[in-house]
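Spelled out from the first residue to the last, the chains are:
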Amino acid sequence: MENRISNLVDERLEELVQLLADLVRFPTVSPPARNTTGVQRYIQDFLEQEKFETVSWDVFPSDPNVVGIKKGTDGNLYNSLIINGHIDVAEVGYETEWTVPVFELTTKDGNAYGRGTSDMKGAVAATLLAVKLLNELGVELKGDLQIQTVIGEEAGEAGTLSCMEKGYTADFALVVDGSDRQIHGQGGVITGWITIKSKEVFHDAMRMSMLHAGGSVNGASAIEKMMKVIAGLQDLERHWAVTKKYPGFAPGTTTINPAVIEGGRHAAFVADECRLWITVHFYPNETYQSVTKEIEEHLNHVAKADTWLRENPIHFRWGGKSMIEERGEIFPALEMNADHAAVQLLAHCHEQTEKSPAIIGMSRSVTDAGWLGAAGIPTVIYGPGKLEEAHSVDEKINIEELVVFTKTLMIFINEWCNTTSVN
Ligand SMILES: [Zn+2]
């Protein structure tokens, strides 16, 4: 079977490139987003053609998710599989710097160029071709196969979370986002807003009465008080770097970035409000709930040591379901069990097609995989495409890489979905 799969994929290289060209032609850039109805309908039609039962729903207006399920012949006894990929692409940035068309696939020197080729329409094209060719080979799957194409990954809009909230599950999930065909878990990211707000608003001329002996006004500038918060965050960040570690990550990966600051009204006022937007990275054995609790506890201690902050508590707002709508996002971490039967099988399939051992490690980036893991589904990230290509000018993917990935995927699907489940 492995040889038949391998030969068939080689024969259909043109079709793989054409599929990718079709997907790239939809300019599903996020932000601004709200532009994925067309590409999702294309994918839905494709899956229907391949005997999948499909469902689609708007996560945001004009941004639908698609889930296609092909029921196995003995779904209760055999392993089920989710293959998940996002169909939004990163902002184009300076289009004038591109030397190839952004949304029209260009092939040269064995590469395919265009926005989203690496991140991650190449992987979605490979997934679609894989299910089509398995059908052509007459491969019957005993376990259920589920394809999820989701929206919003580039803007923290977690189309995948929406799939999990609807209860879609399986014995194993593959997120085929770019990992250079390494098998990855990931750390997590959460953003948060820290706000300092004065109960009163003061004219600029009142500042001297707040600062100097005999002034008698118990007021403060929210901007200046935020300096204490930032210093506190730096202390905590350093403490984390010294005390926390996790295999596969450089020490100090757990950063707290003060990314954006907003505050004050104008020059005739003492600033009565200041807001700090932070980005927090954490390890796979931590949760966004636990790290945000650590930050709140630490900053509340900082506040207790300040006479004004004691009376004007710091406010926290963590995460969010969209960077566009609410300026907040969460990417849960993903712990990976390298001994899991599916991970072992995937590594084996990889070795067969790639003729080299699979590398099992940790991603330097974040993907939707954490949402599947958080829903209790054993999950790994495994996809074609290199990290440096994602979001880049003249984004490209190596076509041979895509071909080999398609083979690995087909062999894996055939093996995993035809193995009895342990549950
Ligand atoms: Zn991606």
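Residues numbered from 1 in each chain as written. Predicted model: local features only at pLDDT ≥ 70, side-chain atom pairs only at ≥ 80, totals over all residues.

Next up on the list: the overall build of the chain. The secondary structure content of the chain amounts to 12 helices and 16 strands. Dimensions of the chain, computed from the C-alpha atoms along their principal axes, are close to 90 × 50 × 35 Å. For the chain, buried positions account for 47% of its 423 residues. Considering only contacts within the chain whose residues lie at least 6 apart along the sequence, 79% involve residues at least 24 apart. (Helix = DSSP H or I, 4+ residues; strand = E, 2+ residues; numbered from the N terminus. Buried ≥ 20, exposed ≤ 12 C-beta atoms within 10 Å, placed from the backbone. Contact = placed C-beta atoms within 7 Å.)

The nonpolar side chains of a soluble globular protein tend to be buried, and buried together. Residues Leu-81, Ala-125, Ala-126, Ala-130 and Ile-413 are the most contacted members of the largest nonpolar core, which totals 108 residues. The residues that make up this core include at least three from each of domain 1 (2-186 + 334-416) and domain 2 (188-318). Excluding residues within four positions of it along the chain, Ile-413 makes contact with Leu-81, Ala-130, Leu-134 and Leu-145. (Core = buried A, V, L, I, M, F, W, Y, C linked by C-beta atoms within 7 Å. Domains from an automatic or database assignment.)

This next bit is on the UniProt feature "domain: Peptidase M20 dimerisation" (unreviewed entry) in the chain. When the UniProt feature table is mapped onto this chain, "domain: Peptidase M20 dimerisation" (unreviewed entry) is found at residues 211-306. With 42% helix and 19% strand, the stretch residues 211-306 has end C-alpha atoms that lie 14 Å from each other. (UniProt positions renumbered as here; feature names shortened; annotations may be inferred.)

With that out of the way, let us pick up the sheet that holds strand E5 (residues 111-113). As summarised here, the arrangement of the 3 strands in space is E4-E5-E16, forming an open sheet in which the pairing is antiparallel. Among the strands making up the open sheet, the edge pair consists of strand E4 (106-108) and strand E16 (396-398). Going from strand to strand, the sheet's axes swing by 25 degrees on average, the running direction of each strand aside. Relative to E5, E4 is paired through 3 bridges, and the arrangement is antiparallel. By the bridge assignment, Thr-107 is partnered in E5 with Ala-112. (Pairing = 2+ DSSP bridges. Axes fitted to C-alpha atoms, helices over the stretch in contact; angles between N-to-C directions.)

Bringing the domain arrangement of the chain into the picture now. Size of an interface: often given as the accessible area lost when the parts come together. Here the domain parsing of the chain yields domain 1 (2-186 + 334-416) and domain 2 (188-318). Spacing between the C-alpha centres of domain 1 and domain 2 amounts to 39 Å. Domain 1 puts 8 residues into the contact, and the matching count from domain 2 is 6 residues. Class assignment for the residues of the side of domain 1 that touches domain 2 results in 3 nonpolar, 4 polar and 1 charged. (Nonpolar A, V, L, I, M, F, W, Y, C, P; charged D, E, K, R; others polar.)

Within strand E3 (residues 81-86), 6 of the 6 residues are buried, leaving the element largely enclosed by the surrounding structure. Side chains Leu-81, Ile-83 and Gly-85 project from E3 onto one buried face, and the interleaved Ile-82, Asn-84 and His-86 project onto a second face that is buried too. Here E3 runs beside strand E7 (residues 172-175); their pairing, made up of 4 bridges, is parallel. By the bridge assignment, Ile-83 is partnered in E7 with Leu-174.

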